[in-house]
Amino acid sequence: NAPLSLIFRLVLFPNSAEYPDLRKHNNCMASHLTPAVYAKLCDKTTPNGYTLDLAIQTGVDNPGHPFIKTVGMVAGDEESYEVFADIFNPVIKERHNGYDPCNMKHPTDLDSSKIRGGQFDEKYVLSSRVRTGRSIRGLSLPPACTRAERREVERVVIDALAGLKGDLTGKYYSLTLMTEQEQQQLIDDHFLFDKPVSPLLTCAGMARDWPDARGIWHNNEKTFLVWVNEEDHTRVISMEKGGNMRRVFERFCKGLQEVERLIQEKGWEFMWNERLGYILTCPSNLGTGLRAGVHVTLPRLSKDPRFPKILDNLRLQKRGTGGVDTAAVGNTFDISNLDRLGQSEVQLVQTVIDGVNYLIECEKKLERGQDIKIPAPISQFK
Amino acid sequence: MLQRIINDSRTRQEFPDLSQHNNHMAKVLTLEMYANLRDKQTPSGFTVDDVIQTGVDNPGHPFIMTVGCVAGDEETYEVFKDLLDPVIEDRHGGYKPTDKHKTDLNPDNLQGGDDLDPNYVLSSRVRTGRSIRGFCLPPHCSRGERRAIEGLSVEALGALDGDLKGKYYALKDMTEEEQQQLIDDHFLFDKPVSPLLLASGMARDWPDARGIWHNDNKTFLVWVNEEDHLRVISMQKGGNMKEVFNRFCTGLTKIEELFKEKGHEFMWNEHLGYVLTCPSNLGTGMRGGVHVKLPNLSKHEKFGEILKRLRLQKRGTGGVDTAAVGGVFDISNADRLGFSEVELVQMVVDGVKLLVEMEKHLEAGQSIDDLMPEQK
């Protein structure tokens, strides 16, 4: 049942007239959206009425950067990844370093007892953090959801979070209702998120109706945090000062599994399938949607010309301590896993643990005047 | 009955939270109105949620009342009249759903206007917009439609001759030199940054099918696919508003003829006049004004009152939402709908003449009390 607007357009304008001008563009969508693929998909819609034009709008509006290749498209609902598979699959494959959604399966593993080690030397590691996202099956994603759907997401999620106990007991702060003091406290804790300003996000329609049905939940101990209706239905973050990544991941898994159990009691579930893992708005966050990382001080290693290659081979990435697209301050870096899809949560966190330990060893060697070695590249798909 | 209860509940769930909002849409939209409009669509699929999105996303300012809604096509004003009629009435000084709007683009009907004192009046300008019937408006148009609008417009403008002969510069094809020249001439428009415009989807696919046309004399300028299909501007330095308005009317009439030759017409009806994207620009869609030096008058306590009585508004010389620089103000007609083009430019011409006279009085240390105008 194509929406009226599509029928109207099809009558008047052939799809060649609609094909976007992507000559100046450098994003994954632009690399793979040929006129043939566009023609094939442009008159399809998901059951909710999401179209190809909607999915690619952000990539059309944001040509990209010669050095940073963005994804350039989003999903409006779970079915987007199926209905528009002909464009999503090659984009996913490029973005996820060769993971082929056509013939590979994604492993999910939230059994934190499998982790080996995971307590870092706190002379170097200042903080540890694991984040992911979860979407509520049956409700549209942030680019496409109506106000009612967004409010339903909020209701379902905060209802479940209210059922968390013990060290996970916490409280929800709605963006529309929070007091000035609460807002200031959340800012001081670095928990508050604000209306997106990045055109990558605003062009996808994610900021509509702000701040309606958006909010922040965190436990009393401030080690487990959930963002509601920001870039995804939920973003889930476990963190602590110091180097106890093991405990951070344990809490992460426990919290996620508890929330899942609680929503299932009410008849809801997370969007997930064995081809793509957990379904999130941006294709870059499929699979585990997991970024596990540390803030680590590496004054000598970071100046060594081999640093990028070492990170590469360990399948790690560096960012500044403000997060994505920020620069490092002093010698402290945000180091996290490169991959999201094709490996499980346990595998990725283990990769970060082993990798960061290696980096710390390198730093110590350089302190002692010893030489370091570039490690052999670790295999990507296990 | 059960269906009604379910629908009511769904409507409530969808109804936007407008408790922090101060715009025309928020003042007018009730739950009941939303319930009635929620199931409607225009033939091209524009919905009430599309109409109001910009007003939901931009709560507004305690002092400045924005409109808070846009049209996605000509039919929006019909299908959603329950919402748009009261918005129009509020915004356009009590204009009723049954009122008729007069269009008059005969420049001979303007009296005077060629003698505004150039020591005070630095420049004169008249602008309006036009929409091509049958195409969706900028918040809703597809790339194909936008390109078709560009194609038709460039073709029509290409046929202009005499002092209107000119050239089109597509935003995505212009050279660096052309871009710099357009910036120096103050002709170049850029991707909108105002959240009022972005939230309504007008900046999609930028800069595809956007461009600037101007005549060789640089006195007649057309923007293609910015905030409306076409924005048409006639301007020149100095105070000869009559000449500016002449060119404005001649140019618009010629462009309309050229479109008609190709089987296209402008969106217009006798109730709303020319139909444009924002309800604030209905009717004439016209803003006729001058940049005028009023350093003394602008500090007078009655300045605001005088402007109000003359049905004029002031802006800074950067345009809407800018501040005046060096005592120079942009003074233009406050109305758009319910008065003809000639009537509005007449108000500007007569009003500015009076303002300049008042300025001269104040310069000479004289009072302006007996120059105070009646409410127009």
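Looking up chain B in an unreviewed UniProt entry gives the name creatine kinase, with the organism given as Cyprinus carpio. UniProt lists a comment for chain B under the heading Sequence similarities (unreviewed entry), and it reads "Belongs to the ATP:guanido phosphotransferase family." As stated in UniProt under Catalytic activity (unreviewed entry), the record for chain B gives "creatine + ATP = N-phosphocreatine + ADP + H(+)".

Chain A appears in an unreviewed UniProt entry as Creatine kinase U-type, mitochondrial from Cyprinus carpio. Listed in UniProt under the heading Subunit (unreviewed entry), the comment for chain A reads: "Exists as an octamer composed of four MTCK homodimers." According to the UniProt record, the Sequence similarities (unreviewed entry) comment for chain A is "Belongs to the ATP:guanido phosphotransferase family."

K.L.:
Provide a residue-level description of the pattern of salt bridges, including the pertinent values.
P.N.:
Under the definition given, this model contains 62 salt bridges over all chains. Among the charged side chains, a salt-bridge network with shared partners connects D21(A), R23(A), R147(B), K172(B) and D208(B).

K.L.:
Can you lay out the nonpolar core for me, pointing to particular residues and giving the numbers?
P.N.:
All names here are of chain B. Formed by 58 residues in total, the largest nonpolar core has its most connected members in M241, I331 and L355. For this core, the element with the highest residue contribution is helix α12 (residues 341-363), accounting for 11 residues. Each residue touching M241, except ones within four places of it in the same chain, is listed here: G113, L116, S124, R125, V126, G288, G289, V290, V345, V348 and V349.

K.L.:
Please give an account of the confidence of the model for chain B that cites residues and values.
P.N.:
Taken residue by residue, chain B gives an average pLDDT of 95. The fraction at 70 or more is 99%. Scored as a complex, the prediction yields pTM 0.92 and ipTM 0.90.

K.L.:
A description of the interface of chain B and chain A should follow, citing residues and the corresponding values.
P.N.:
In many analyses, interface size is given as the accessible surface area lost on bringing the parts together. Across the boundary between the two partners, chain B contributes 34 residues, which contact 30 residues of chain A. Among the residues of chain B in contact with chain A, Q13(B), E14(B) and R143(B) are the three that bury the most area, contributing 24% of the side total. Counting across the chain B and chain A interface gives 3 salt bridges. A salt bridge links D53(A) to R143(B), with the shortest nitrogen-to-oxygen separation between them at 2.7 Å. Split into classes, the residues belonging to the side of chain B that touches chain A amount to 12 nonpolar, 9 polar and 13 charged.

K.L.:
Quick one: what's the story with the sheet that holds strand β8 (residues 291-297) of chain A, residue by residue and with numbers?
P.N.:
Residues and elements named next belong to chain A. Strand order across the open sheet formed by 8 strands is β2-β3-β4-β5-β1-β8-β10-β9, with antiparallel pairing between neighbours. The outermost strands of the open sheet, each flanked by one partner alone, are β2 (170-174) and β9 (316-319). Here the strands of the sheet are splayed against their neighbours by 20° on average, with no regard to which way each runs. Where β2 lies against strand β3 (residues 215-219), 5 bridges are found, and the strand directions are antiparallel. Paired with G170 across the strands is N219, a residue of β3.

Conventions and cut-offs
- Per chain, the residues get numbers from 1 upward, laid out in the order the sequence is written.
- Chain A is the first chain written and ligand 1 is the first ligand written, with later ones labelled in order.
- The predicted nature of this model means local features are confined to residues of pLDDT at least 70 and side-chain atom pairs, given and counted, to a pLDDT of 80 or more, with totals for whole chains, interfaces and linings taken over all residues.
- The basis for every side-chain value is the complete set of non-hydrogen atoms in the structure, without hydrogens or water.
- UniProt positions are given in the numbering used here, feature names are shortened, and annotations may be inferred rather than shown by experiment.
- Salt bridge, as used here: a side-chain nitrogen of Lys or Arg that lies within 4 Å of a carboxyl oxygen of Asp or Glu.
- Residues belong to a common nonpolar core when they are buried Ala, Val, Leu, Ile, Met, Phe, Trp, Tyr or Cys residues joined through side-chain atoms within 4.5 Å.
- Buried, partly exposed and exposed residues are distinguished by accessible area as a fraction of the type maximum, computed with a 1.4 Å probe on protein chains only: under 20%, between the cut-offs, and over 50%, respectively.
- Runs of E in the DSSP output that reach at least two residues are strands. Runs of H or I that reach at least four are helices, and both are numbered from the N terminus.
- Here, two residues are considered to be in contact whenever any of their heavy atoms come within 4.5 Å of each other.
- The pLDDT score gives, residue by residue, the confidence of the prediction method on a 0 to 100 scale.
- Buried area counts how much accessible surface, traced with a 1.4 Å probe, disappears from two parts once they are put together, with both parts' losses summed.
- Basically, the charged four are Asp, Glu, Lys and Arg, the nonpolar ten are Ala, Val, Leu, Ile, Met, Phe, Trp, Tyr, Cys and Pro, and anything else, Gly included, counts as polar.
- Two strands form a pair only when DSSP identifies at least two bridges running between them.
- The axes are straight lines fitted to the C-alpha atoms, using for helices just the contacting stretch, and the angles between their N-to-C directions are given from 0 to 180°.

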